[in-house]
Every structure is written in C-alpha cells, then in structure tokens.
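The chain contents come next:
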Amino acid sequence: MENHRIYNFSAGPSMLPLEALTRAGAEITNYGGSGMSVMEMSHRSKAFDQIFQDTKTKLRQLLQVPDSHEILFLQGGASTQFSAVPLNLMGRTGKADYAVTGHFAQVAAKEAGKYGQVSLAADVSGENFTTIPAQEALRLDPGASYFYYCSNNTIYGTEWQYVPETGAVPLVCDMSSDILSRPVDVSKYGIIFAGAQKNMAPAGLTVVLIRKDLAGQELPYTPLMLSYQTMIKKDSMYNTPPCWCIYMLGLVLDWVAEQGGVAGMEKLRNTRAGMLYDTLDQSRLFHCHAEKSARSGMNVTFRTGDEALDAQFVAEATAAGFSNLKGHRSVGGMRASIYNAMPVEGVEKLCDFIRAFDRKH
Ligand SMILES: *Cc1c(COP(=O)(O)O)cnc(C)c1O
C-alpha cells in the first residue's frame, strides 16, 4: 500500500506522516486493548481522557507553551476563530488592529468589523499580496484591544519573518499553515490559533493557545460555544470534542518529537524550501509570486507567466505523481505546499521535474 502513495502538494488538508497513518491503521479497530476504535469511544472514558491529556502535554512540550496559556482543542476550523477572537477580545476597548497580508487575514478583518472598530495596521492588497510589511510600516494603535495577523499566507505564499512588536497590545495570530514548522515564543502572544489540517492532524480540529487572563471578557451576546472562558473551564469538553482528530494529533506529535521536535521541523523546512526556491530561481521559465524577503517556507507560489504553459506543467506533474500543484484561483500559476509531513525526497523529485520542464521549454 505504501508504494501507492504519491507526493501530495495540497494546501490543505495535506499530507500526514506515514508513521502516524500506519499506527492509526494498526489501532483502528482496537485501541490499546480497549476492544474499540478511538472513533467509538466516549469522550468521558478513561482511555480517551488519557489520549486527550497526553496529546495536550506533548503539544505543551513541543511548543513550550507556558503555564500562563491554556491549550484548547476546538471545532469549527480556523474560520470560526475569525469570529471568536473579536467576540472574546473586542470588548476590551472596542477597537482592534488588523494586518491584512492575505486572503484569510482579510476575511478575519471584515468579520471583526461586525463587532467593533477595525483599523488596518497594514494592507498589502495593493501589492497583490507579494510582500510582508516591515515593523516600521505597521500603523499601531496603543488603544487597540489586540493586534491581529496571519503568520503564513497560505494562498499567496508569503510569511512573516519576525514577530510584530506591539507593546502592551496582545498579539493574536492565525498560524494555521505554519504552526510547528519553526520555533515560536508562545509567551509573546495573547492568542495563537490554527486549523489542524495543514500541519497537525485531519480536518475537524482547531487548536487555540490562549493567555488565560484574556478570557472572560467576551461580548454579552457571544455564542456559548465561542466563549473561550467556557472552553477553558471545561478543558475543551463542554461538549464532545473532535476525539479522533485529537488522537491523530497525538500520533503526529510523536512523529514530530522523533524528528527532533520543532527545531527538527525547522531544519527540514529550510531544506525543502531552500531547494525548491533555488531551483525556481535558477530556471529561465519560472518566477515566484512572493518577494524574496517574504517567501513562505510552507507554500511556494510560482508561475511561468503563460497560463497555457502553467496548465501544461500542472498536467504533466500530476501524471508524474505530483498532485495538487495548481495555484489558488486568485493567484493563478502553481503552488507547492510543503508542510512538515512532505518528505524531502518529494521536493527533490519535484525539483528534478521542474529542471527537466525548464530545459524542454
Ligand atoms: C486554511 C486556512 C484557514 C481556513 O481554515 P479552516 O479550518 O478551513 O477554517 C485560515 N487561515 C489560514 C492561514 C489557513 O491556511
């Protein structure tokens, strides 16, 4: 079965480590002698509680989450957090700063506008989202309830290479597409959230890291299920959590730990991305969408400048076993998503393919 696996460059859901999938397969009908699948377990059972707590502990260790912060395992995807963040935090001062560096940050800013006054601390839509603003360029309001940004812009292939400095204003970050790919100082953040389906687990789980003192200030009409305070009090089990995804996250985190943790992931990330960008830079045919200083280590966006040739590249690549390389419709061209679980070998082979295509055309 394993030799039927292809290199899947999907932006999400995306590849999971083979080791985690194999383990899940081995345990799928009978987890740890329990006589049942994790999918069939009560979320209040002893066996599942162990999985839940172990997974939390592993994540806390790998990301070095300080005691000041709670880890929540929620549902609704990253997009639900676009509403949950303002509902919970906007009440602090009634206004918030948003850095719009891509599609998802733009959606989040618009959503937050329903609940308070949103100021755009940066907006690079005019540059077609090819760049990331410098710290000096951020228009910061010291009275903002929070400062919001998205560390990796999945669609455009740009990534913040620094953590914004915002003084006493809490940082909120959507890390859906680069969490666990490089070390992060969690203590600098008020909230970090991420949909699991890019770098962590199957779709259906959203991880939220929240500084505990920021909870409990939600707007009065905040839906029960979107209240961080509710979820902190109930340890993410106010209702049924996404049990299977949490279990899968645990298996993925075991794999991350075996590869040297987040530092190990960063090494692999630099190897993969370095190789791919070098190959593209050395080609005559291909150009990257992102400015050099803003290039993402997770989503590599590129094109030939000729739509027909782009389509031919994608078709030939697909036939050669490289799937999901078509770019997002708003950018066009190609996008290779090279998350944690993409083997270095997959990128090596893609680079060979790119070089051969470049020579041929
Ligand atoms: C994929 C993605 C989202 C949307 O995630 P859902 O879980 O589908 O809601 C939001 N932000 C970023 C950065 C993403 O990559």
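Residues numbered from 1 in each chain as written. Predicted model: local features only at pLDDT ≥ 70, side-chain atom pairs only at ≥ 80, totals over all residues. Heavy atoms only, no water.

1. Brief notes about the overall build of the protein
Step number 1: Scanning the protein for helices and strands turns up 9 helices and 14 strands.
Step number 2: Its C-alpha atoms give the protein a radius of gyration of 21 Å, within 12% of the compact-globule value 21 Å for 361 residues.
Step number 3: Overall, the C-alpha framework of the protein stretches about 60 × 55 × 30 Å when taken along its three principal axes.
Step number 4: Residues classed as buried in the protein amount to 55% of the 361 residues present. (Helix = DSSP H or I, 4+ residues; strand = E, 2+ residues; numbered from the N terminus. Rg over C-alpha atoms; globule rule 2.2 N^0.38 Å. Buried < 20%, exposed > 50% of the residue type's maximum accessible area, 1.4 Å probe, protein only.)

2. Let's talk about the packing of helix H6 (residues 243-258) against helix H7 (residues 261-282)
Step number 1: Close contact between H6 and H7 brings their axes to 7 Å; oriented N to C, the two are set at 75 degrees. Between H6 and H7, the angle is such that the two are roughly perpendicular. When H6 is examined against H7, the residues Trp255, Val256 and Ala257 are found in contact with a partner set consisting of Gly261, Val262 and Met265.
Step number 2: Broken down by class, the residue content of the contact of H6 with H7 amounts to 5 nonpolar, 1 polar and no charged. (Axes fitted to C-alpha atoms, helices over the stretch in contact; angles between N-to-C directions. Parallel < 35°, antiparallel > 145°, perpendicular 65-115°, else oblique. Contact = heavy atoms within 4.5 Å. Nonpolar A, V, L, I, M, F, W, Y, C, P; charged D, E, K, R; others polar.)

3. Here's the deal with helix H2 (residues 46-62)
Step number 1: Between its first and last C-alpha, H2 extends 24 Å over 17 residues, near the 24 Å set by a 1.5 Å rise per residue.
Step number 2: Taken residue by residue, H2 has Phe48, Ile51, Phe52, Thr55, Lys56, Leu59 and Leu62 as its buried positions. In a view along the axis of H2, the buried residues occupy a sector of 140 degrees, so they form one face of it. Those residues of H2 that are exposed and angled more than 90 degrees off the buried face are Lys46 and Gln61.
Step number 3: Elements that come into contact with the buried residues of H2 comprise strand S2 (69-74), strand S10 (206-211), H6 and H7.
Step number 4: Just beyond H2, the residue with positive phi is Gln64, at close to 45 degrees. (Expected span 1.5 Å × (residues − 1). Arc of directions from axis to C-beta.)

4. Examining the site of the ligand
Step number 1: Around the ligand, 13 residues are found, and the nearest of them are Ser79, Thr154, Asp174, Gln197 and Lys198.
Step number 2: For the ligand, an oxygen atom lies 2.5 Å from a polar atom in the side chain of Thr154.
Step number 3: Measuring from a nitrogen atom of the ligand, one finds a side-chain N or O atom of Asp174 at 2.6 Å.
Step number 4: Here the shell around the ligand takes 4 residues from helix H3 (residues 77-89), the largest share from any one element.
Step number 5: Classifying every residue of the shell around the ligand gives 4 nonpolar, 7 polar and 2 charged. (Near = heavy atom within 4 Å. Polar contact = N/O pair within 3.5 Å; in protein donor to acceptor, adjacent residues only side chain to side chain.)

5. Things to note about the environment of Ser79
Step number 1: Tracing the backbone shows Ser79 in helix H3.
Step number 2: A sequence separation of 232 residues divides Ser79 from Ala311, and the C-alpha atoms of the two residues are 30 Å apart.

6. Considerations on the pairing of strand S3 (residues 95-100)
Step number 1: Of all 6 residues in S3, 5 are buried; the element is thus mostly enclosed.
Step number 2: Direction of pairing for S3 relative to strand S4 (residues 117-123): parallel, over a ladder of 6 bridges. Among the inter-strand pairings, Lys95 is bridged to a residue of S4, identified as Gln117.
Step number 3: Each parallel crossover has a hand, and the one from S3 via helix H4 (residues 103-112) to S4 is right-handed.
Step number 4: As paired strands, S3 and strand S5 (residues 147-150) are joined by 2 bridges and run parallel to one another. (Pairing = 2+ DSSP bridges. Right-handed = clockwise from strand over helix to strand, strands pointing away.)

7. Details of the UniProt feature "modified residue: N6-(pyridoxal phosphate)lysine" (unreviewed entry) in the protein
Step number 1: Sequence positions flagged by UniProt for "modified residue: N6-(pyridoxal phosphate)lysine" (unreviewed entry) are, in local numbering, Lys198.
Step number 2: Tracing the backbone through its elements, the reader meets Lys198 in the loop between strand S9 (191-195) and S10.
Step number 3: Once you skip the residues sitting within four places of it in the chain, Lys198 turns out to touch Ala11, Gly12, Ser14, Thr154, Ser176, Ser177 and Tyr339. (UniProt positions renumbered as here; feature names shortened; annotations may be inferred.)

8. With respect to the pairing of strand S12 (residues 299-303)
Step number 1: Judged by how many residues are buried, S12 sits mostly within the fold: 4 of 5 residues are covered.
Step number 2: As paired strands, strand S11 (residues 287-288) and S12 are joined by 2 bridges and run antiparallel to one another. Counterpart to Cys288 in the pairing with S12 is Phe302.

9. Quick look at the side chain of Asp358
Step number 1: One can find Asp358 in helix H9 (residues 344-360).
Step number 2: On the accessibility criterion, Asp358 (8% relative accessible area) is buried.
Step number 3: The residues contacting Asp358, other than those within four sequence positions of it, are Ser283, Arg284, Leu285 and Phe286.

10. Description of the UniProt feature "binding site: pyridoxal 5'-phosphate" (unreviewed entry) in the protein
Step number 1: Per the UniProt record, "binding site: pyridoxal 5'-phosphate" (unreviewed entry) is found at Ala78, Ser79, Phe104, Thr154, Asp174, Gln197, Asn239 and Thr240. For the annotated residues, spread through 163 residues, the largest C-alpha to C-alpha distance comes to 30.5 Å, inconsistent with a single compact locus.
Step number 2: Of note, Ala78 is situated in helix H3.
Step number 3: Under the relative-accessibility criterion, Ala78 is labelled buried at 13%.

11. Re the packing of aromatic side chains
Step number 1: Under the counting rule described, the total for this entry stands at 24 aromatic pairs.
Step number 2: On the basis of an interplanar angle of 75 degrees and a centroid distance of 5.7 Å, the ring pair of Phe286 and Phe302 is categorised as edge-to-face. With a gap of 16 residues between them, Phe286 in the loop between H7 and S11 and Phe302 in strand S12 connect regions that are remote in the sequence. In this pair, the class of Phe286 matches that of Phe302, namely buried. (Phe/Tyr/Trp six-rings, centres within 6.5 Å; stacked < 30°, edge-to-face > 60°.)

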